[in-house]
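Secondary and tertiary structure notes
Listed here are the chains, written in short residue letters.
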Protein chains: 2
Amino acid sequence: MEYAAPIARLIAELERLPGVGPKTAQRLALHLLNRPREEVAALASALLEAKDRIHPCSVCANLTDTDPCAICGDPRRDESLLCVVEEPKDVIALERTHEFHGRYHVLMGAISPLSGVGPDDLRIEPLLARLKEGKIREVVLATDPDVEGEATAMYLARLLKPLGVKTSRLARGLPEGGDLDYVDEVTLARALEGRRAI
Amino acid sequence: MEYAAPIARLIAELERLPGVGPKTAQRLALHLLNRPREEVAALASALLEAKDRIHPCSVCANLTDTDPCAICGDPRRDESLLCVVEEPKDVIALERTHEFHGRYHVLMGAISPLSGVGPDDLRIEPLLARLKEGKIREVVLATDPDVEGEATAMYLARLLKPLGVKTSRLARGLPEGGDLDYVDEVTLARALEGRRAI
């Protein structure tokens, strides 16, 4: 005897989620069976609604239920400033700072020879097309502070240089909070290198 | 700007799952938006189907899509032997051993004064009713090997004593595999206490 078929099927579907193993899938399934039907139905409908209504913005590739997305369609945003990020979740992270008032361009990844991702797999052509419109004065390369993100930023910086557009990169240094002696040596070296007069 | 409403709603629903915080919920939502629609629809329908078709067995309270459940309805199972467990998932754990051929009774919990769970909150009345039918000769008390499980087993053992039914408890001792010096002292003490002649 294993679980009744509908439970086994639910466990199998939950196991397909990233980071969810057999034990977690079982725990989630039994938890959901204990919840009110409305709660399970709300999750099921949220899944389908998100899948059916969300698509990449035709301009920036951010995930949206309108087209263009709320940021690309907002006339108050500075259209001369463009922030290039790897993933839609990076847009949300930057928006949460309330410090950036330009627009975004999502590459949908980063250059990673080990994973077989080259420049042609990223949304670089659409980026060049946006730059050719001539309204963008500065591009902030906000790819991740890791090897792939750095490689992507360097590649784009070289590519954009002849276009005469100003390019910048997010500052590297110490994160807020914590102890100096807990900071890894690469971060500390970058913070020294980028020290600013006060 | 936060996530578009359908994504925000999906993240909120996923966050209600046990052990799923905001970051995990975001990761799961963005993962699902990247998967084919069939896969998301399969998860949504598995959720609803499990919720609609699964209910506790009217005899043993194991989760089932039939009534009685496949175990209670199987004439090849030994109806004189009854295994009492805390939760439906314990039935599955015991079934996986292929060593138990009797039937089950799920208490739906264990006595826990700290959580306000007393004997009246468990399925003890239905257990006594099954015993009164007179077919059960032995009851295996297979509650968890923790404080609540022990308290529940002791409570049931006292309750069943006057009924003249044989009661037993799962053996305590060393788990399979691993090193003796990694075993906690309570387990080791129990293993010594329960040592068997060879």
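To start, this report covers the structure provided alongside it. Along each chain, the written sequence defines residue order, and numbers are assigned to residues from 1. Written order decides the labels, with chains lettered from A and ligands numbered from 1. Given that the model is predicted, a residue must reach a pLDDT of at least 70 before its local features are reported, and side-chain atom pairs must reach 80 or more before they are shown or counted; all residues, however, enter totals for whole chains, interfaces and linings. Note: side-chain values were computed over all heavy atoms of the structure, leaving out hydrogens and water.

**Some words on the interface of chain A and chain B**
A contact between two residues is defined here by any heavy atoms of the two lying within 4.5 Å. Each partner contributes residues to the interface: chain A has 50 residues there, and chain B has 50 residues. Interface of chain A and chain B: buried area, both sides summed, is about 5100 Å²; carbon and sulfur atoms make up 68% of it. Salt bridge, as used here, is a side-chain nitrogen of Lys or Arg placed within 4 Å of a carboxyl oxygen of Asp or Glu. If you look at where chain A meets chain B, you find eight salt bridges. A salt bridge links R16 of chain B to E39 of chain A, with the shortest nitrogen-to-oxygen separation between them at 3.2 Å. Polar contacts, as counted here, are pairs of nitrogen or oxygen atoms within 3.5 Å of one another; within protein the pair requires one atom able to donate a hydrogen and one able to accept it, and residues that are adjacent in sequence qualify only if both atoms are side-chain atoms. There are 15 residue pairs in polar contact (both at pLDDT 80 or more) connecting chain A and chain B. When residues of the side of chain A that touches chain B are traced back to their parent elements, those giving at least two are α1 (5–15), α2 (22–34), α3 (37–53), β2 (63–64) and α4 (88–95) of chain A. A helix here means a DSSP run of H or I that spans at least four residues, while a strand means a run of E at least two residues long, and both kinds are numbered starting from the N terminus. Here the element with the most residues in the side of chain A that touches chain B is α3 of chain A; it accounts for 16 residues. Here the side of chain A that touches chain B is built from residues that sort into 29 nonpolar, five polar and 16 charged. Accessible-area loss on putting two parts together, using a 1.4 Å probe and summing over both, is the definition of buried area adopted here. When residue character is reported, Ala, Val, Leu, Ile, Met, Phe, Trp, Tyr, Cys and Pro are called nonpolar, Asp, Glu, Lys and Arg charged, and the others, Gly included, polar.

**Considering the packing of α3 of chain A against helix α1 (residues 5–15) of chain B**
Lines fitted to the C-alpha atoms define the axes, with helices restricted to the stretch that makes contact. Angles between their N-to-C directions range from 0 to 180 degrees. With their axes 9 Å apart at the nearest point, α3 of chain A and α1 of chain B run at an angle of 150° to one another. By the angle class used here, α3 of chain A and α1 of chain B are roughly antiparallel. When you trace α3 of chain A past α1 of chain B, the crossing you get is left-handed. Judged by residue contacts, E39, A42, L43, S45, A46, L47, E49, A50 and R53 of chain A of α3 of chain A engage P6, R9, L10, E13 and L14 of chain B from α1 of chain B. In terms of residue class, the contact of α3 of chain A with α1 of chain B is built from eight nonpolar, one polar and five charged. Throughout this description, any angle smaller than 35 degrees is read as roughly parallel, any larger than 145 degrees as roughly antiparallel, any in the 65 to 115 degree range as roughly perpendicular, and the remainder as oblique. A crossing counts as left-handed when the near helix is turned anticlockwise from the far one by less than a right angle, and as right-handed when that turn is clockwise.

**Considerations on the side chain of K51 of chain B**
Among the secondary structure elements, K51 of chain B is positioned in helix α3 (residues 37–53). Only protein chains enter the calculation, and the probe is 1.4 Å; a residue is then buried if its accessible area is under 20% of its type maximum, exposed if over 50%, and partly exposed in between. Under the convention used here, Asp and Glu are negative, Lys and Arg are positive, and both His and the chain ends fall outside the count. The buried charged residue K51 of chain B lacks any salt bridge, with D52 of chain B as its nearest oppositely charged partner at 7.9 Å. When sequence neighbours within four positions are dropped, the list of residues in contact with K51 of chain B reads L32, L33, N34, R35, P36, R37 and V40 of chain A.

**Thoughts on the environment of E2 of chain B**
Its location among the elements puts E2 of chain B in the segment before α1. Remark: the alpha-carbon pair of E2 of chain B and R103 of chain B, spanning 101 residues in sequence, is separated by 53 Å. Residue contacts for E2 of chain B: discarding those within four places in its chain leaves I92 and R96 of chain A. Looking at E2 of chain B, its side chain comes within polar contact range of the side chain of R96 of chain A, at 3.0 Å.

**Some details on the packing of α3 of chain A against α3 of chain B**
Remark: α3 of chain A packs on α3 of chain B, axes separated minimally by 9 Å, with the N-to-C direction vectors making an angle of 170°. With respect to their mutual orientation, α3 of chain A and α3 of chain B come out roughly antiparallel. Residue-level contacts link R37, V40, A41, L43, A44, L47, L48, K51 and D52 of chain A of α3 of chain A to R37, V40, A41, L43, A44, L47, L48, K51 and D52 of chain B of α3 of chain B. Taken together, the residues that form the contact of α3 of chain A with α3 of chain B break down as 12 nonpolar, no polar and six charged.

**Focus on the relation of the copies chain A and chain B**
The atoms used to superpose the copies are C-alpha atoms, taken from residues with pLDDT of at least 70 in both, and the fit is least squares. Under the fitted operation, chain A is carried onto chain B by 0.0 Å of movement along the axis and a turn of 180°, and the coordinates agree to an RMSD of 0.0 Å. What the rotation and shift describe, once combined, is the action of a two-fold rotation axis. Across chain A, the smallest distance between a C-alpha and the rotation axis is recorded for A44 of chain A, namely 2.2 Å. Take the interface residues of chain A: 100% of them recur as interface residues in chain B, which is what a same-surface contact looks like.

**Section: the sheet that holds strand β3 (residues 81–85) of chain A**
Residue and element names in this part refer to chain A. A pair of strands is considered paired only if DSSP assigns at least 2 bridges between the two. Ordered in space as β4-β3-β5-β6, the four strands form an open sheet in which the pairing is parallel. Strands with a single pairing partner mark the edges of an open sheet, and in this sheet they are β4 (103–106) and β6 (166–169). With strand direction ignored, the average angle separating the axes of adjacent strands in the sheet is 25°. In terms of strand pairing, β3 meets strand β5 (residues 138–141) through four bridges, oriented parallel. From the neighbouring strand, L81 faces β5, where its bridge partner is E138. Relative to the sheet, α4 contacts β3 and β4, its axis offset from that of β4 by approximately 155°.

**Points about the pairing of strand β4 (residues 103–106) of chain B**
All names here are of chain B. Neither face of β4 is left uncovered, since the one carrying R103 and H105 and the one carrying Y104 and V106 both have all their residues buried. Pairing of strand β3 (residues 81–85) with β4 involves four bridges; the strand directions are parallel. Residue pairing across strands places V84 opposite H105, the latter belonging to β4. One crossover worth recording links β3 to the parallel β4 by way of helix α4 (residues 88–95), and it is right-handed. Here the term right-handed applies to a crossover when the path leading from its first strand over the helix to its second strand runs clockwise, the strands being oriented away from the viewer.

**What about the nonpolar core?**
In terms of nonpolar packing, the biggest core is built from 46 residues, with L47 of chain A together with L47 of chain B touching the most fellow members. Elements supplying a minimum of two residues to this core: α1, α2 and α3 of chain A together with α1, α2 (22–34) and α3 of chain B. Only buried Ala, Val, Leu, Ile, Met, Phe, Trp, Tyr and Cys residues count toward a nonpolar core, and they belong to the same one when joined by side-chain atoms within 4.5 Å.

**Notes on the sheet that holds β3 of chain B**
Residue and element names in this part refer to chain B. The strand order β4-β3-β5-β6 describes an open sheet built from four strands, whose pairing is parallel. Every other strand in the sheet has two partners, leaving β4 and β6 (166–169) as the edge strands with one partner each. For this sheet the average axis-to-axis angle between neighbouring strands, irrespective of direction, equals 25°. Packed on one face of the sheet, helix α5 (residues 124–132) meets β3, β4 and β5 (138–141) and runs near 150° to β4.

**A look at the environment of A110 of chain B**
Here A110 of chain B is to be found in the loop between β4 and α5. With sequence-adjacent residues up to four places away left out, A110 of chain B is seen in contact with E86, V117, L122, E148, G149 and T152 of chain B.

**Quick look at the pattern of salt bridges**
Within this structure, the stated rule accounts for 28 salt bridges over all chains. E49 of chain A is the salt-bridge partner of R9 of chain B, the closest N and O atoms lying 2.7 Å from each other. Residue R9 of chain B is located in helix α1, and its partner E49 of chain A is located in helix α3; the two belong to separate chains. Overall, R9 of chain B belongs to the partly exposed group, its relative accessible area being 29%. Residue R53 of chain B pairs with D65 of chain B through a salt bridge whose shortest N-O separation is 3.1 Å. Here D65 of chain B lies in the loop between β2 (63–64) and β3 and R53 of chain B lies in helix α3, a separation of 12 residues in the sequence. Residue R53 of chain B is classed as partly exposed on the basis of its relative accessible area of 40%. In the salt-bridge network here, residues are joined through shared partners; they are R9 of chain A together with E49, R53 and D65 of chain B.

From the geometry alone we can't say anything about function, so treat these as descriptive.
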